[in-house]
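Chain residues, written in single-letter form:
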Amino acid sequence: MRNVVSTLILLTVLASCSRNPHKVNVSNVSAKVVVRHLDMDLLKLNQEQLQTEVPKLKSSYGEFFDIFTYRMIGIGGTETPDFLSSLNLFVNDTLVRQLTQLVPQKVDTVALRAATEDAFKHYKYYFPAKQIPTIYTCISGFNQSVVVSQNLIGLSLDKYLGADCKYYQELGLPAYKRRNMHQGKIVADMMYAWADSEWPKSDRENTLLSNMIHQGKLQYFLDAILPEMHDTLKMGFSARQLDFCDKNEAKMWTYMAEHKMLFTTDRMSIKRFIDDAPYTASFSEESPGRTGAWLGGQIVRSYMKAHPEVKLPDLMNNTNYQEILNQSEYQP
């Protein structure tokens, strides 16, 4: 009996050690998410209907209508000469018509709404005073995946049709980009973009380290907002690439330190470690791109573990990147 009790105690301790600290009870958190579908309202119109319906769409969709026409499909606004002709060409483009059939097959908007509401319940748990943006979906002809403005997020659903989508291959998109163009990435991409707009990187310094810590803060934000999501989805890494980072964390950090790269302001050096890429050239072809962002996440997690009194809002508002590193007790 003594051995059984000891075993049960050990299992309890192990379970508590492995428990996700970000799993919080949000069942009583109210987070009403409004999702509006410009793709459904616009792409059903014929040429004759555009004349009368476009003013209504512009009034109904407000700022997002202009974001869509100016930034996403690049035809200007309603005051632009030949605007209706250009919009008609887009609506009746053969590829766009095919996408209107394909998108509902590949993107489950009901599941997307549920996942989005859960993410924003966690968001309101940590930031109760903040407003939830309205979500707008569209088909943009393979333009921007996510656009963010004040109180709105726009999603191009045709950018999430799956890695095997023939159109992505015909466009010549590289495999490392196609791998993350599926429905499972939408919420992570959306919440990442929202956090980056709510807590942009400080212009006070622009070093590799400041970019790493900023990216680390965004990764920690995703940890808290999407506690059930696997790191491969949040980072956009394959399981093998994530394993590479876990096994080579100390080597990557040592390389940056020994080559005095942490405080470089060289734009290309920063991009080499922060931007998406098939791999990080300074390491090996087994590495993912964005290894600097991944290391930044490790530093921020170490900082938050060392300072349990610091809450998520405190972290997101802290732009003293050097202080975060110094107080992180980071030792890979």
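Structural notes, computed from the coordinates.

## Thoughts on the sheet that holds strand β2 (residues 134-138)
By way of backbone hydrogen bonds, the strands of a sheet pair with one another, either parallel or antiparallel.
Then comes step 1: As summarised here, the arrangement of the 4 strands in space is β1-β2-β4-β3, forming an open sheet in which the pairing is mixed. Sheet topology places β1 (35-37) and β3 (146-149) at the edges, where each strand pairs with a single neighbour. Here the strands of the sheet are splayed against their neighbours by 20° on average, with no regard to which way each runs.
Then comes step 2: Note that β2 and strand β4 (residues 152-156) share 5 bridges and pair parallel. Among the inter-strand pairings, threonine 134 is bridged to a residue of β4, identified as leucine 152.
Then comes step 3: Sheet strands in contact with helix α4 (residues 63-72) are β2, β3 and β4, and its direction is about 130° off that of β3.

## Observations concerning the pairing of β3
Regular strands place their side chains on alternate faces of the sheet.
Then comes step 1: Across 4 bridges, the pairing between β3 and β4 is antiparallel. Bridge pairing links valine 148 to isoleucine 153 in β4.
Then comes step 2: Counting the residues between successive antiparallel strands, the hairpin from β3 to β4 contains 2 residues, one of them, asparagine 151, with a positive phi of roughly 65°.

## Structural notes on the packing of helix α10 (residues 186-198) against helix α11 (residues 208-225)
Then comes step 1: At a minimum axis distance of 10 Å, the contact between α10 and α11 shows a crossing angle of 130°. Here α10 is positioned oblique relative to α11, judged by the angle of their axes. In this structure, the crossing between α10 and α11 has a hand that is right-handed. Between α10 and α11, the contacting residues are Ala188, Met191, Tyr192, Ala195 and Asp196 on the first element and His214, Gln215, Leu218, Gln219, Phe221, Leu222 and Ile225 on the second.
Then comes step 2: For the contact of α10 with α11, the class distribution of residues is 8 nonpolar, 3 polar and 1 charged.

## A short note on the nonpolar core
Then comes step 1: If you look at the biggest cluster of nonpolar residues, it comprises 100 residues, and the most contacted ones within it are Leu42, Phe64, Phe120, Phe221 and Leu315.
Then comes step 2: Here this core takes 10 residues from α11, the largest share from any one element.
Then comes step 3: Not counting the four nearest positions on each side in its chain, phenylalanine 64 is found in contact with Leu38, Met72, Tyr136, Thr137, Cys138, Val147, Leu152 and Gly154.

## Some thoughts on the pairing of β4
Then comes step 1: Most of β4 sits out of view: 5 of its 5 residues are buried.
Then comes step 2: Alternating positions in β4 separate into two faces, Leu152, Gly154 and Ser156 on one and Ile153 and Leu155 on the other, with burial throughout.

## So, the side chain of threonine 69
Then comes step 1: Here threonine 69 lies in helix α4.
Then comes step 2: There is a polar contact of 2.9 Å between the side chain of threonine 69 and the backbone oxygen of glycine 76.
Then comes step 3: Excluding residues that lie within four positions of it along the chain, threonine 69 makes contacts with Gly74, Ile75, Gly76, Gly77 and Phe83.

## Quick notes on the environment of lysine 58
Then comes step 1: If you trace the backbone, lysine 58 turns up in helix α3 (residues 47-61).
Then comes step 2: In sequence terms lysine 58 and glutamine 144 are 86 residues apart; their C-alpha atoms lie 20 Å from each other.
Then comes step 3: Setting aside anything within four residues of it in sequence, one finds lysine 58 in contact with Phe65, Asp66 and Thr78.

Rules of the game
Residues numbered from 1 in each chain as written. Predicted model: local features only at pLDDT ≥ 70, side-chain atom pairs only at ≥ 80, totals over all residues. Heavy atoms only, no water. Pairing = 2+ DSSP bridges. Helix = DSSP H or I, 4+ residues; strand = E, 2+ residues; numbered from the N terminus. Axes fitted to C-alpha atoms, helices over the stretch in contact; angles between N-to-C directions. Contact = heavy atoms within 4.5 Å. Parallel < 35°, antiparallel > 145°, perpendicular 65-115°, else oblique. Left-handed = near helix turned anticlockwise from the far one by under 90°. Nonpolar A, V, L, I, M, F, W, Y, C, P; charged D, E, K, R; others polar. Core = buried A, V, L, I, M, F, W, Y, C linked by side-chain atoms within 4.5 Å. Buried < 20%, exposed > 50% of the residue type's maximum accessible area, 1.4 Å probe, protein only. Polar contact = N/O pair within 3.5 Å; in protein donor to acceptor, adjacent residues only side chain to side chain.

Interpretation in functional terms is not warranted from these geometric data alone.
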